[in-house]
Amino acid sequence: MHRIPQLLLLKIRQLWPLLLDSTLNSYGQLFFSQNRVLSVMLMAASFTNWEVGRWGLPAIWLTHALAWIAGFDKSLIRGGMLGLNSLLVVFGLALLFQVNVPFLLLLVAACMFTLVIGIALHYGLSHWGIPILSLPFVLGIWMMEVASRQFALLEWSTGSIYTLNELYKWGGSSLVQAYEVFLGLQLPSLIEGYLRSLAAILFQNNWFAGLFIALGLLVASRILFSLSVMGFLLGYGSQWMLGMDLATLNYGALGFNYVLTTLALGGYFFIPNAHSYGLAMAVIPLVMTLNAGFSEFAKVFQVPIYSLPFALATGFMMYVIKFSNRTDVLAPVLLQLRSPEENLYAYQNQKQRFKGFVWQQIHLPFYGTWRVSQGHNGGITHREHWQYAWDFDQTDAEGRTFEYPGTHREDYYCYNLPVLAPTNGVVVAVQDHIPENEIGKVNLVQNWGNTVIIQHTEGLYSKLSHLKGGTVCVKVGDVVQTGQRLGVVGNSGRSPEPHLHFQLQTTPYIGAATLRYPIAAYLTHTAEGIALRQYCYPEEGEQISAVQSHASLAAAFAFVPGQTVSFQREDKDGEVTHWQVETDAWNKTCFHEVATGARAYFVNDGTVFYFTHYEGDRKSDLFAFYMGCHKVLLAFYRGVSVFDELPLHQIWQSPRRWISDFWSPFYVAGKATFAAINEASEEVSQDISICSSVELFIRSDRKQQYAFKTEIVQGHITAFSGQFGTINLTLRRIFPAL
């Protein structure tokens, strides 16, 4: 008998995080936010009318319980959109009717109807990329209002009388008088209209609730707050210019449609920038027209239009914009973070870090250091349809391509050197019978000479030409791996001296037009030293080489799903932290810190280990490692540094950033930079130290600096340390016993 309460308690503990998140998100999603401060402020604002606010939590819990029992996706429940729509429907009913048994039955029916409509619309509209927004609420409240006309036992509400009665119970006549005096304060009409528009979303008919909401918006997101003000002012101005009744705005009845539309299009569904703000402004006349038009239609059925103009205007715009080719200016938010500011800073960081990034990586097709003898748009043969190609050869310290006298093919440094597959693929064309040219002679009939073409993916082929006849060691249909030998450099075709021609193209034919496509990673060699280039295009005259990984570094960062990485801190009484290596449903690999739940997503492409995203506690050990090993070159070249940037919001945590958030869609004042260098006592050493730093710059002033050091011994990370101002962190690796 004692096991039943224990099992029930265990189940409640398991469901508590889902219950808490789904409840708060149901309030927060009213303003496109999952910020808990805003959610609590919204909940508090709803209780400024006790008769309405008290039914919010039962409506949410009932809806989510029904969804959970029915087995619907928990992410839908946790996200709060299902509870949000039921919340609004029940708020509307609580404003209309007194509480009795028929009202409770109507409440249950409303939650069930809204849930079913919400699920159906979610999966139906998702095929077109249209969010459900508040459509389930509008359909649900309409159905309940019309149906209630048949329910004779429902009693109409008497307004705020019950709220005053409750206040009298809590604080007597003095509290009632203070409440009435406070609500009776006169505000400028624009400010009162704005606050009432916010309050009306929660079916509150006072500006005090709107003040709660406005403060919550300001705390949660300066972008959302500024957009809400902009939306209301634009709606007010539009209606004033057309001579419409401004009372609907001053008393909040329709003003929230302008506010919600600007929030959705200006800062939530698109990365906030000047163009998203422009889109939000441009849609205001459409919302105004829908407000006016549907208000007339609604008179026929004697029901308010509620948030229908917002839902239709936003949904239609989301659908229409899918067919626009201006994705360079209107960037949809692909991963919703905690606020529009975080979406903006993360997007700008990703855009900066991965410009030129391609999924199918192409590597240099040779060993050693080579010269780009002719680059893109070269002055000899790389023109018009064949402009995006490279010619490679080798030179000595004086820049000569041959040993004296240079009259024989064998005199040239690159002649007979191996040619490699630039990445995995299937051989689709081979030409291996064309004779070699004498130095200074060319074969214009068989222009490309001996050639291998490899298909790497649909629509991407590489072509390697001017090979030595009879040396091609692959045939059509062969599957080749990155770095596999294909043949050797020759002097066939239109080639007056030995060199390698390399190009990417979209078709499998010899002589096809070239495709502009970057090299994934390579090193440039200059008098100043060696530098790493990623997803770039080698330029004519550059001396370049492929990146050769270092065995110890490669092994140290070869984390595999199922592995647990453990460290012990030198402070905190030797506290041990565990990071589990996991892979999610989208095949993204991450560290999961067991104690805090934080996750740091990473990629190891064989050349570089780098983090892509972090979520969770920024005071965790994992976040320090995320900063200190943000990008690691898995190779050792003395003096070679790697550079990167971190999302600004992860590093810049100060009130000054709050102020900067207001104009961040138009100008970002800060930057968080990362630099790292691999150090070792000897070139062949298996013991490497990675020294890295993160610096925060506001404009050109350095405001913060963090230093890190990662120790690699015989292919294992053995220690990690970091310095944050006066805080010193040292982690020692714990290896499992064999």
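This one's a predicted model, so the numbers in the text were calculated from it and none came from an experiment.

Student: Looking at this structure, I do not really get the overall build of the protein. What am I missing?
Tutor: What the protein contains, in helices and strands, is 21 helices and 24 strands. With respect to the principal axes defined by its C-alpha atoms, the protein has extents near 110 × 65 × 55 Å. Of all 738 residues assigned to the protein, the portion counted as buried reaches 51%. In the structure as shown, the protein presents an accessible area of about 34300 Å², 60% of it carried by carbon and sulfur atoms. For the protein, the distance from the average site of its 47 positive side-chain charges to the average site of its 52 negative ones is 5 Å.

Student: How should the sheet that holds strand β22 (residues 701-713) be read in this particular structure?
Tutor: The strands making up a sheet associate through backbone hydrogen bonding, with each pair oriented either parallel or antiparallel. On the basis of which strands lie adjacent, the open sheet formed by twelve strands has the order β18-β17-β16-β15-β14-β13-β24-β23-β22-β21-β20-β19 and antiparallel pairing. For this open sheet the edge positions go to β18 (631-633) and β19 (641-646), each flanked by a neighbour on one side alone. Across the sheet, the axes of successive neighbouring strands diverge by a mean angle of 20 degrees, strand direction being ignored. The pairing of strand β13 (residues 564-569) with strand β24 (residues 727-734) spans four bridges and is classified as antiparallel. Residue Ser566 lies in a different strand from β24, and its bridge partner there is Ile734. Contacts from helix α17 (residues 340-353) reach β17 (608-615) and β19 within the one sheet, and its direction differs from that of β19 by about 155 degrees.

Student: Looking at this model, I keep getting lost on the pattern of salt bridges. Mind explaining?
Tutor: Per the counting criterion, the structure on display carries 20 salt bridges. Between Glu582 and Arg599 there is a salt bridge whose closest N-O contact spans 2.6 Å. Here the residue Glu582 occupies a position in strand β14 (residues 576-583), and Arg599 occupies one in strand β16 (residues 599-604), the gap between them amounting to 17 residues. Take Glu582: its relative accessible area is 22%, and that puts it in the partly exposed class. Judged by relative accessible area, Arg599 falls into the partly exposed class, the value being 23%. Residue Lys709 is joined to Glu711 by a salt bridge in which the shortest nitrogen-to-oxygen separation is 3.4 Å. Assessed through its relative accessible area of 35%, Lys709 is described here as partly exposed. Here the salt bridges do not stand alone but share partners, grouping Asp21, Arg36 and Arg78 into one network.

Student: Can you help me understand the nonpolar core in this one?
Tutor: The tendency in soluble globular proteins is for nonpolar side chains to be buried side by side. Among the nonpolar cores identified, the biggest contains 91 residues, and Phe31, Phe32 and Leu93 are the most heavily contacted of them. Of all hydrophobic cores here, the second largest spans 58 residues; its members include Val581, Ala600, Phe611 and Phe720.

Student: Please explain the sheet that holds strand β5 (residues 450-457) as it appears in this structure.
Tutor: Taken in spatial order, the ten strands of this open sheet run β7-β4-β5-β6-β9-β2-β1-β12-β10-β11, and their pairing is antiparallel. Taken across any chain shown, the strands that pair with only one partner, and hence form the sheet edges, are β7 (479-480) and β11 (529-536). In the sheet, strand β10 (residues 519-526) pairs with β11 via seven bridges, with the strands oriented antiparallel. The residue bridging Ile519 from the neighbouring strand is Cys536, located in β11.

Student: Even after reading the chapter, I still don't get the pairing of strand β2 (residues 389-393), so can you show me in this structure?
Tutor: Residues in a regular strand point their side chains to alternate faces of the sheet. Of all the five residues making up β2, five are buried; the element is thus mostly covered by neighbouring parts of the structure. By the alternation rule, side chains of β2 split into Ala389, Asp391 and Asp393 and Trp390 and Phe392, which are all buried. For β2 and strand β9 (residues 500-505), the ladder comprises four bridges, and the chain directions are antiparallel. The residue bridging Phe392 from the neighbouring strand is Leu500, located in β9.

Student: Looking at this structure, how should I read helix α16 (residues 308-321)?
Tutor: Given 3.6 residues to a turn, an α-helix orients residues that are three or four positions apart in the same direction. In a regular helix each residue adds 1.5 Å, so 14 residues correspond to 20 Å; α16 covers 20 Å between its end C-alpha atoms and thus fits that length. Burial within α16 is extensive, with eleven of its 14 residues counted as buried. Looking at the buried residues of α16, the elements they touch are α8 (135-148), α14 (255-268) and α15 (274-301).

Student: Honestly, unusual backbone geometry in this entry has me stumped. Any pointers?
Tutor: Of all residues except glycine, most have a negative phi; of all peptide bonds, most are trans. Here the amide bond leading from Tyr404 into Pro405 is cis, since omega sits at 10 degrees, within 30 degrees of zero. By the element assignment, Pro405 lies in the loop between β2 and β3 (418-420). Positive phi, normally seen in glycine, also occurs at Glu384, with a value near 50 degrees. With respect to the secondary-structure elements, Glu384 resides in the loop between β1 (369-374) and β2.

Student: Which parts of the structure should I look at to understand the packing of helix α6 (residues 81-96) against helix α7 (residues 101-125)?
Tutor: The interhelical angle for the contact between α6 and α7, taken along N-to-C directions, is 145 degrees, at an axis separation of 9 Å. Every pair of crossing elements has a handedness; the one defined by α6 and α7 is right-handed. Side by side, α6 and α7 meet where Leu82, Asn85, Ser86, Val89, Val90, Leu93 and Ala94 of the first sit next to Phe103, Leu106, Leu107, Ala110, Cys111, Thr114, Leu115, Gly118 and Ile119 of the second. For the contact of α6 with α7, the class distribution of residues is twelve nonpolar, four polar and no charged.

Student: So what exactly am I meant to see when it comes to the environment of Phe357 here?
Tutor: Secondary-structure assignment places Phe357 in the loop between α17 and β1. If sequence neighbours within four positions are ignored, Phe357 has contacts with Tyr535 and Tyr610.

Student: Teacher, can you tell me more about the packing of helix α12 (residues 222-241) against α14 here?
Tutor: A packed helix pair is summarised by two numbers, namely the angle formed by the two axes and the spacing between the axes. Interhelical geometry of α12 versus α14 gives an angle of 130 degrees and a closest axis separation of 8 Å. Relative to α14, the element α12 is oriented oblique. Seen along the crossing, α12 lies across α14 with a hand that is right-handed. Where α12 abuts α14, its residues Leu224, Leu227, Ser228, Met230, Gly231, Phe232, Gly235 and Gln239 lie against Tyr258, Val259, Thr262, Leu263, Gly266 and Gly267. When its residues are assigned to classes, the contact of α12 with α14 shows seven nonpolar, seven polar and no charged.

What counts and how
- Residues numbered from 1 in each chain as written.
- Predicted model: local features only at pLDDT ≥ 70, side-chain atom pairs only at ≥ 80, totals over all residues.
- Heavy atoms only, no water.
- Helix = DSSP H or I, 4+ residues; strand = E, 2+ residues; numbered from the N terminus.
- Buried < 20%, exposed > 50% of the residue type's maximum accessible area, 1.4 Å probe, protein only.
- Areas by Shrake-Rupley, 256 points an atom, 1.4 Å probe, with all protein chains shown as cover.
- Lys, Arg positive; Asp, Glu negative; His and termini not counted.
- Charge placed at Lys NZ, Arg CZ, Asp CG, Glu CD.
- Pairing = 2+ DSSP bridges.
- Axes fitted to C-alpha atoms, helices over the stretch in contact; angles between N-to-C directions.
- Contact = heavy atoms within 4.5 Å.
- Salt bridge = Lys/Arg side-chain N within 4 Å of Asp/Glu carboxyl O.
- Core = buried A, V, L, I, M, F, W, Y, C linked by side-chain atoms within 4.5 Å.
- Expected span 1.5 Å × (residues − 1).
- Left-handed = near helix turned anticlockwise from the far one by under 90°.
- Nonpolar A, V, L, I, M, F, W, Y, C, P; charged D, E, K, R; others polar.
- Parallel < 35°, antiparallel > 145°, perpendicular 65-115°, else oblique.

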